[in-house]
Structures are given as structure tokens and as C-alpha cells.
Amino acid sequence: MKDSYERRIQNQFGAFCVKVLKNEARYIQREYASLRDQEKSLGELTASELEQTAVWDKHFMDEHVFDVQGLPVVVTGDLLADALAQLPEGKRDVILLSYFLGMTDREISDKLNIVHQTVSKRRLTTLKELREYLMKEGFEWPDK
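Residues numbered from 1 in each chain as written. Predicted model: local features only at pLDDT ≥ 70, side-chain atom pairs only at ≥ 80, totals over all residues. Heavy atoms only, no water.

Notes on the overall build of the protein chain
Along the backbone of the protein chain there are six helices and two strands. Taken from the N to the C terminus, the helices and strands of the protein chain come in the order α-α-β-β-α-α-α-α. Computed over the C-alpha atoms, the radius of gyration of the protein chain is 35 Å, more than 25% above the 15 Å expected from 2.2 N^0.38 for a compact globule of 144 residues. Taking all 144 residues of the protein chain together, the buried fraction comes to 19%. Across the protein chain, contacts joining residues at least 24 apart in sequence account for 43% of those joining residues at least 6 apart. Total accessible area on the protein chain is roughly 11,800 Å²; 54% of this is exposed by carbon and sulfur atoms. Across the protein chain, the mean location of the 21 positive side-chain charges is 7 Å away from that of the 25 negative side-chain charges. (Helix = DSSP H or I, 4+ residues; strand = E, 2+ residues; numbered from the N terminus. Rg over C-alpha atoms; globule rule 2.2 N^0.38 Å. Buried < 20%, exposed > 50% of the residue type's maximum accessible area, 1.4 Å probe, protein only. Contact = heavy atoms within 4.5 Å. Areas by Shrake-Rupley, 256 points an atom, 1.4 Å probe, with all protein chains shown as cover. Lys, Arg positive; Asp, Glu negative; His and termini not counted. Charge placed at Lys NZ, Arg CZ, Asp CG, Glu CD.)

Structure representation (C-alpha cells):
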């Protein structure tokens, strides 16, 4: 008798669990249907609506890459990149290797196969040229 009573309780509990799960599944399906009704596909959006959802990453927009003896050198800032692009290759290479890659004059002279003193002179004259170009373009130097 006890076995049949326990079996009946188990069956009732099992039926209750099945009913709860079916109701929950129906509820979830109704929620998904409601969300589907509110959604729009990308093809249905107007140009202005698409523009509102767009995100433009401006992080890399003002980066310029110069190639120095097979080494990529990244320069940030349009004005500085334009100034460097106008320099002759030899002068530009000295500045990029020195200030952007942190090489010493000795390392630069070995890399470019020029005399050590030439590197120093080129760097100084090129810095003056860059300063004049940037001042002519309206760059304001920060106060020290």
C-alpha cells in the first residue's frame, strides 16, 4: 500500500513539473515573439537610421606609417606626418630612427651606412627645418 501511495505522489509531482515546464516554455515563446515583432532587419532600416547605429573608430585615423630600411614607423598626427613626408628620405630616416625608434647616432650610422657625425648634423638641421615648417603651418608650441 505504501508503494502505491509513494508512486501516486511521484506521478503527481512529475505531472506538476511537466505542467510548469510547458507553461514556462509557452511564456518564453511569447516573449520571443514579442521581441521579434519589435525588431527590424538591417535591410528595412533607412539610411539615416543606419547612420545612427554606426560607430566610427577614430583611433587609427591620424596614424601614418613610414618605411625606414624595412622597419615600419608609426607617426601619429597629420601635421607632423605631412612635415616628415616633405623631407628628403635621408633626413626623414634619421629623424624617424632617432626619435621614433629610439636608436643612437651610432646605431643609425650603422643602419644607414653613413658617418656618425653626419647623423648628428642631419638630425640638428632637420629639426630646425621641421620647426620652421610647423611654425609656418600654425602649430603652437606648448608652454614649458
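This is not the end of the story, as more comes after the structure.
Focus: the side chain of Arg92
Turning to its location among the elements, Arg92 is positioned in helix 4 (residues 89-100). Put simply, Arg92 is tucked away with no salt bridge, and the nearest opposite charge, on Asp93, sits 4.6 Å away. Looking at Arg92, its side chain comes within polar contact range of the main-chain oxygen of Leu87, at 3.3 Å. Discounting chain neighbours no more than four positions away, the residues touching Arg92 are Phe66, Leu84, Ala85 and Leu87. (Salt bridge = Lys/Arg side-chain N within 4 Å of Asp/Glu carboxyl O. Polar contact = N/O pair within 3.5 Å; in protein donor to acceptor, adjacent residues only side chain to side chain.)

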